[in-house]
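# Summary of the model geometry
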Amino acid sequence: MKFENGTNVVYRNVGVCTVEDIETRSFDGENNVEYYKLRPVSKSSSVYYIPVEKSGEQLRVLFSRDEINSLIDSIKGEAGIWIANSRERRLEFNKILHSDDYKSIIKMTKALYNQQLEKQKHNGHLSSSDEMILTSAENLMFQEFATVLGIERNEVRNYIINRTEQQS
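All figures in this text were calculated on a predicted structure; none of them were measured in a lab.

### What about the environment of Q58?
- Position of Q58 among the secondary structure elements: in the loop between β4 (48-51) and β5 (59-61).
- In sequence terms Q58 and N13 are 45 residues apart; their C-alpha atoms lie 8.8 Å from each other.

### Section: the sheet that holds strand β1 (residues 8-11)
- Strands sit in the order β4-β3-β2-β1-β5 across an open sheet of 5 strands; the sheet is antiparallel. Of all strands in the sheet, those with a lone pairing partner are β4 and β5, marking the two edges. Each strand of the sheet is rotated relative to its neighbour by a mean of 50 degrees, with strand direction disregarded.
- For β1 and β5, the ladder comprises 3 bridges, and the chain directions are antiparallel. Following the sheet pairing, V9 is matched in β5 by V61.
- Against the sheet, helix α4 (residues 128-149) engages β1, β2 (15-25) and β5, with an angle of about 90 degrees to β2.

### With respect to the side chain of E144
- For E144, the position within the fold is in helix α4.
- Of note is the side chain of E144, whose polar atom sits 2.7 Å from the backbone nitrogen of F63.
- Not counting residues within four places of it along the chain, the set of residues in contact with E144 comprises V10, V16, R60, V61, L62, F63 and Y102.

### Here we look at the pairing of β2
- Note that β1 and β2 share 4 bridges and pair antiparallel. Bridge pairing links N8 to T18 in β2.
- In this antiparallel pair of consecutive strands, β1 and β2, the connection spans 3 residues, and N13 shows a positive phi of 70 degrees.
- By the bridge criterion, 8 bridges tie β2 to strand β3 (residues 33-40) in an arrangement that is antiparallel.

### Thoughts on helix α3 (residues 102-121)
- Compared with the 28 Å implied by 1.5 Å per residue over 20 residues, the 29 Å span of α3 between its first and last C-alpha is a close match.
- Restricting attention to buried positions, one finds in α3 the residues Y102, S104, I105, I106, M108, T109, K110, A111, L112, Y113 and Q116.
- Among the residues trailing α3, N123 stands out with phi positive, at a value near 55 degrees.

### Re the environment of I106
- Mapping I106 onto the fold places it in helix α3.
- The class for I106 is buried, based on a relative accessible area of 2%.
- It is 9.1 Å that separates the C-alpha atoms of I106 and I160, two residues lying 54 residues apart in sequence.
- The contact partners of I106, leaving out residues within four places of it in the chain, are L71, I72, I75, M141 and F145.

### Let's talk about the packing of aromatic side chains
- Taken as a whole and assessed by the stated rule, the structure comprises 7 aromatic pairs.
- Consider the rings of Y11 and Y48, whose centres lie 5.4 Å apart with planes at 70 degrees: the pair is edge-to-face. Here Y48 lies in strand β4 and Y11 lies in strand β1, a separation of 37 residues in the sequence.
- For Y48, a relative accessible area of 27% puts it in the partly exposed group.
- Centroid distance W82 to F93: 6.1 Å. Interplanar angle 65 degrees. Geometry classified as edge-to-face. Highlighted residues: W82 in the loop between α1 (65-73) and α2 (86-97) and F93 in helix α2, separated in sequence by 11 residues.
- Site record: aromatic cluster; members linked through ring pairs are F27, Y35 and Y49.

### Section: α2
- Spanning 12 residues, α2 covers 16 Å between terminal C-alpha atoms, matching the ideal 16 Å at 1.5 Å per step.
- Those residues of α2 that sit buried are R89, F93, I96 and L97. Down the axis of α2, the smallest arc covering the buried residues is 95 degrees, so these residues share one side. Residues R87 and K95 are exposed on α2 and point more than 90 degrees away from its buried face.
- Tucked inside the fold, the buried residues of α2 contact α3 and α4.
- Where α2 starts, the residue carrying a side-chain oxygen 3.0 Å from the main-chain nitrogen of R87 turns out to be N85.

About the cut-offs
Residues numbered from 1 in each chain as written. Predicted model: local features only at pLDDT ≥ 70, side-chain atom pairs only at ≥ 80, totals over all residues. Heavy atoms only, no water. Helix = DSSP H or I, 4+ residues; strand = E, 2+ residues; numbered from the N terminus. Pairing = 2+ DSSP bridges. Axes fitted to C-alpha atoms, helices over the stretch in contact; angles between N-to-C directions. Contact = heavy atoms within 4.5 Å. Polar contact = N/O pair within 3.5 Å; in protein donor to acceptor, adjacent residues only side chain to side chain. Expected span 1.5 Å × (residues − 1). Buried < 20%, exposed > 50% of the residue type's maximum accessible area, 1.4 Å probe, protein only. Phe/Tyr/Trp six-rings, centres within 6.5 Å; stacked < 30°, edge-to-face > 60°. Arc of directions from axis to C-beta.

Such coordinate-based values are descriptive only and should not be taken to indicate function.
The structure is reproduced here in structure tokens:
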């Protein structure tokens, strides 16, 4: 798939970026290669160059509003995944986090939210590794969801919670 200038895409491990241009460059000094010039939609000053030829491995189109809502709706009534053993949980959650299985990522996030709420009832909090996984999962999803849904990034968590409560 070829992306046009101005298109928002998800660049794996970076987040939502805008295709600023398609340029032919020679980074090795010998070969001219066509690259997408990407700029993150966050306020970052970073620029990334991704070879057009290999972009299918690293870039994808953003989910649509309907796809996001379907993902959220798909966890209706599910408590999420919780593994009592913290080491096993960290390993499994990291595996989920680095997959492209957004349904599992949302289920994992929901489980972490539920655990966080339970801990708060007793003046506790998530472990640092659970906090880091939750933050990573939110970073992975929230920028894209906010961009597509036309809301602020800090409103995405409540959007997900409200939508799942409406579905129950």
